[in-house]
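Residue-level structure breakdown
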Amino acid sequence: MTEPQTPIAALKDTGPTAPPRSQWRDVWDQFKSHRGALIGGIVLLVIIAAVFFGPLVWPYDATFIDIRARNQGPSWTHPFGTDQLGRDTLARMMAGGQTSIAVGLTAMLLALVLGSLVGVLAGFFRRLDGPLMRLTDLFLSLPLLPLLLVMVLLFREALNGVFGPERGIFILIVVAIGVTSWMPTARIVRGDVLALKEREFILAARSIGTTNFGLITRHILPNVMSPIMVSATLGIANAIITESALSFLGLGFPPDFPTWGRLLNDATQYLQDYPERVFWPGLGISLTVLSINYMGDGLRDALDPRIRGR
């Protein structure tokens, strides 16, 4: 007579169980399902690869002047044509894209640091909430473009004398855009922190003696990374447009230093005779900003747990 099987032995072999899915895998799956965000990411990667790796294989330099080849239309030798000094427009587009994207990324990082710091402090410390939010309202009420123009006019010569004309104006534009673009991030982060600090896990961490610094760094910041990442994508697009506007108005980089906004500025003088010169930098700005905005929409949907999985 056989012994009765134990409950463990009676269990049927159901085979290997599937490994648990990580949160970032779910985010990636949701992001892939957003067709616009996926196409925008591919377009942005193509643009970044073209502007940063294209000069390594393209035979023409962005600053090389060939008077004999000036004002040429598109050809096999110069696919985007040449400007009034005979410089290759494609080479200047790639060099200008490097500057515009670098300004966008750096200014976005500065704006995120300032906005996240103000938002966390305002949401976590009740005594700082009022003053910091009134400071945010003050910056929101300022006319940004005139403020940027005043900052450029006041500090341009001083920074150029210390860092040089190109590096000085780069630092000035990045700082000017960063200190005037942190307010939306601060408000978003503050709202999330106000909701998070009343959650059970924050109260439990506080009850065991966790310091305020530990609560912010270990529990608050990791849980507000989603809105910060979404703000980052939109901040890059805003910084690129702002830099292009300053360069278009003639208050950005020096005339011999190409950016997409500077190329637009130079092309307006020859708009009737050579309209394609306006088309190429405008297309670069539009495609970059549009792809980043679509990526921001996809990240927002993928990182929001209320939308993920629909």
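Refer to the structure above for everything that follows.
Heads up: these notes are all about the structure in this document.

This part takes up the packing of helix H4 (residues 89-124) against helix H8 (residues 183-196). It is at 7 Å that the axes of H4 and H8 come closest, and there the two elements cross at 35°. The chirality of how H4 crosses H8 is right-handed. Mapping the contact onto sequence places Leu112, Gly115, Ser116, Val118, Gly119, Val120, Ala122, Gly123 and Phe124 in H4 and Thr185, Ala186, Val189, Arg190, Val193 and Leu194 in H8. Here the residues of the contact of H4 with H8 are counted per class, giving nine nonpolar, five polar and one charged.

Using the criterion set out here, one finds six salt bridges in the structure. Salt-bridge contacts for Arg190 lead to Asp129; the nearest nitrogen and oxygen are separated by 2.7 Å. Of the two residues, Arg190 sits in helix H8 while Asp129 sits in helix H5 (residues 126-141), which places them 61 residues apart along the sequence. Using a relative accessible area of 23% as the deciding quantity, one classes Arg190 as partly exposed. In this structure, Arg134 and Asp137 form a salt bridge, with 3.0 Å as the shortest nitrogen-oxygen distance. On the criterion of helical spacing, the pair formed by Arg134 and Asp137 is a turn pair, its members being three residues apart in helix H5. Here Arg134 falls in the exposed class, since its relative accessible area comes to 51%. One continuous salt-bridge network, built from bridges that share partners, spans Asp83, Arg87 and Arg92.

The rules we used
Residues numbered from 1 in each chain as written. Predicted model: local features only at pLDDT ≥ 70, side-chain atom pairs only at ≥ 80, totals over all residues. Heavy atoms only, no water. Axes fitted to C-alpha atoms, helices over the stretch in contact; angles between N-to-C directions. Helix = DSSP H or I, 4+ residues; strand = E, 2+ residues; numbered from the N terminus. Left-handed = near helix turned anticlockwise from the far one by under 90°. Contact = heavy atoms within 4.5 Å. Nonpolar A, V, L, I, M, F, W, Y, C, P; charged D, E, K, R; others polar. Salt bridge = Lys/Arg side-chain N within 4 Å of Asp/Glu carboxyl O. Buried < 20%, exposed > 50% of the residue type's maximum accessible area, 1.4 Å probe, protein only.

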